[in-house]
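Each chain is listed here by its residues.
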Amino acid sequence: MFKQAAIVLGTFAVATSVFSQAWPERPIRLVVPYAAGGPTDVMARKIGAHIAVKTGQPVIIDNKGGGGGTIGVDQVLKAKPDGYTLGLVAPGPVAGMFALSKVVYAQSDIGYISLVARNPAVIAVSAKSGIKTLAELTQSAKEKPGTLNFSSAGPGTTPHIGAELFKQEAQLDVVHIPYKGAAPAVTAVLSGEVQFISTDLMAVLPFAQQGQLRILAVVGTKRSPQIPDVPTTTELGLPKVVMETNYGVVGPKGIPVDLQKRIRSVLDEAVNSPDVKELLNQLGALAVTSSSDEYRALMESEYEKWKRVATKGNIRLD
C-alpha cells in the first residue's frame, strides 16, 4: 500500500514538473482590473510583450474595470489554476477593499505570484499656491481648519487612504473631494479647486517636471530616485505616514508550486529587462520582484493599515 502511494505521489510530482516546464502552450490572458490607458494597463502591456517574446505565446491584455478592481480580480480567481489567466493589480482589490466594503471573494482565494513594481506616493500642491514645504501646508491647514481640500481618484482609492493617513497623523481638519480618476484629481490641484493631493508619483511627475506642481514630500521612508531632492515624510517628522502602490501579479488559488516558479522566473526576466525598467522609471516607479510569501505578507500588512485608517476616519463604501 505504501509502495503504491509512493508511486502515485512520484507520478504526480513528475506530472506537475512536466506541466510547469510545458507552460505556456497557448495564449496567456493577463487581466488588468482597470480601464485601458492607466498606469497598470501601460505596465501590463510592456511586461506582457516581454513574456510573449520569452515564451513564444501571445499575452492578451484584458481590461475588466469596475468595483475598485474587484470585478477583474474576481474573474481571475474563478479561472482554472493552470497559469493561463493571471492579473496585474494594485493593492486595492487584493488588500484595501476588504477594509472598506464587502468583497465577493476572500483574501484566502488569492494566489500571489510576485510583485512587479513599486510606486511611492507623494504630497503635491500647485506651483501657484506659494506653498513650498510640507510644514507650510500643515501650518496653513491648522490656521484655517476645515477650509483646505484635497482631491483623490475616488473614495477608497490608495490616494484617498494615503491622504487620510496624512490628515490623521498630522492632526489636520481638511476636506476630501473625490474625483473619477487620477487625471481629474490632479487637474483639480492645477486649477486651484483643491489645495493638495496625495497620490502616486507617476500621476504628478510630468507636471512637476513642467513646473506646474510642487512635490512637497515622498510619503515613505526612502527618497525617490526620480526626485532625489524631495524629503520623505519620515524625515519630516511623520514616520507613520507611509503609503505606496505595490503592483503585482496574482492568479487563482491552487496553481502548482512548480508552475508558480516558472511564471515567476518569466516575470523576473521581464521586469528586470532594461526597457521595462526604463518605462517604470518614466512612470515614477521602481522594478521589484518577490516570492509569493513576501507578496502575501505585504498585502496583509497593507490591509491592516487601510483598516486602521478607514476605522478611524469612518470610511466605508457600502
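Residues numbered from 1 in each chain as written. Predicted model: local features only at pLDDT ≥ 70, side-chain atom pairs only at ≥ 80, totals over all residues. Heavy atoms only, no water.

**Side note on the overall build of the chain**
Tallying secondary structure elements over the chain gives 10 helices and 10 strands in all. Relative to the globule expectation of 20 Å for 318 residues, the C-alpha radius of gyration of the chain, 21 Å, shows essentially globular dimensions. Projected onto the principal axes, the alpha-carbon positions of the chain cover approximately 80 × 40 × 30 Å. By the burial criterion, 51% of the 318 residues in the chain qualify as buried. The contacts of the chain with a sequence gap of at least 6 include a subset with a gap of at least 24, amounting to 78%. Accessible area for the chain stands at about 14400 Å²; split by element, carbon and sulfur atoms hold 56% of it. (Helix = DSSP H or I, 4+ residues; strand = E, 2+ residues; numbered from the N terminus. Rg over C-alpha atoms; globule rule 2.2 N^0.38 Å. Buried < 20%, exposed > 50% of the residue type's maximum accessible area, 1.4 Å probe, protein only. Contact = heavy atoms within 4.5 Å. Areas by Shrake-Rupley, 256 points an atom, 1.4 Å probe, with all protein chains shown as cover.)

**Some details on the pattern of salt bridges**
Summed over all chains, the structure comprises 9 salt bridges. A salt bridge links K54 to E269; its shortest N-O distance comes to 3.2 Å. In this pair, K54 is assigned in helix α2 (residues 39-55) and E269 in helix α8 (residues 257-271), connecting sequence segments 215 residues apart. The class of K54 is partly exposed, set by a relative accessible area of 42%. A salt bridge links E244 to R118; its shortest N-O distance comes to 3.5 Å. Of this pair, E244 sits in strand β9 (residues 244-252) while R118 is found in strand β4 (residues 110-126), placing the two residues 126 residues apart along the sequence. (Salt bridge = Lys/Arg side-chain N within 4 Å of Asp/Glu carboxyl O.)

**Things to note about the side chain of S224**
Its location among the elements puts S224 in the loop between β8 (213-218) and β9. Other than its neighbours up to four places away in sequence, S224 contacts P120, L201 and V218.

**Observations regarding the packing of α2 against helix α9 (residues 274-282)**
It is the contact of α2 with α9, at a shortest axis distance of 10 Å, that shows an interaxial angle of 175 degrees. Here α9 runs roughly antiparallel to α2, going by the angle between their axes. Contact residues: α2 offers V42, M43, K46, I47 and H50, while α9 offers D275, V276, L279 and L280. Among the residues forming the contact of α2 with α9, the class breakdown is 6 nonpolar, 1 polar and 2 charged. (Axes fitted to C-alpha atoms, helices over the stretch in contact; angles between N-to-C directions. Parallel < 35°, antiparallel > 145°, perpendicular 65-115°, else oblique. Nonpolar A, V, L, I, M, F, W, Y, C, P; charged D, E, K, R; others polar.)

**Observations concerning the confidence of the model for the chain**
Overall, the predicted model of the chain reaches an average pLDDT of 91, with 93% of residues at or above 70. Confidence scores differ between elements of the chain, with helix α1 (residues 2-22) showing the lowest mean pLDDT of 51 and β8 the highest of 98. In the model, residues 11-17 has pLDDT below 50 throughout and makes 3 contacts with residues more than four positions away in sequence or in other chains. (pLDDT = per-residue confidence, 0-100.)

**Remarks on the nonpolar core**
Core analysis: the largest hydrophobic core is formed by 46 residues, its most contacted members being V94, I110, L134, L137, F166 and F196. Within the residue set of this core, elements represented by two or more residues are α3 (70-77), β4, α4 (134-143), α5 (158-170), β8 and α10 (292-313). Setting aside chain neighbours within four positions, we find L137 in contact with I123, V125, I131, L148, F166, F196 and L216. (Core = buried A, V, L, I, M, F, W, Y, C linked by side-chain atoms within 4.5 Å.)

**Notes on α5**
Since the α-helix advances by 3.6 residues per turn, residues separated by three or four positions end up pointing in the same direction. With 13 residues, α5 should reach 18 Å at 1.5 Å per residue; the first-to-last C-alpha distance of 18 Å fits that figure. With 11 of 13 residues buried, α5 is to be regarded as a mostly interior element. Listed in full, the buried residues belonging to α5 are T158, P159, H160, I161, G162, A163, E164, L165, F166, Q168 and A170. Two residues or fewer past α5, Q171 is found with a positive phi of approximately 55 degrees. (Expected span 1.5 Å × (residues − 1).)

**Side note on the environment of I60**
When you line up the elements, I60 lands in strand β2 (residues 59-63). Distance in space between the C-alpha atoms of I60 and R29 is 4.8 Å, their sequence separation being 31 residues. Setting aside its immediate chain neighbours within four residues, I60 contacts P27, I28, R29 and L30.

**Structural notes on unusual backbone geometry**
Residues W23 and P24 are joined by a peptide bond in cis, for which omega reads -5 degrees. Locating P24 in the fold gives a position in the loop between α1 and β1 (28-32). Even without a glycine there, the phi angle at Q171 is positive, about 55 degrees. Among the structural elements, Q171 can be located in the loop between α5 and β6 (175-178). Classification of Q171 by relative accessible area gives exposed; the value is 67%. We note that N314 has phi near 55 degrees; this positive angle belongs to a residue other than glycine.

**Notes on the pairing of β8**
Across the 6 residues of β8, 5 count as buried, placing the element largely inside the fold. Note: β4 against β8, 5 bridges, orientation antiparallel. Counterpart to V122 in the pairing with β8 is V218. (Pairing = 2+ DSSP bridges.)

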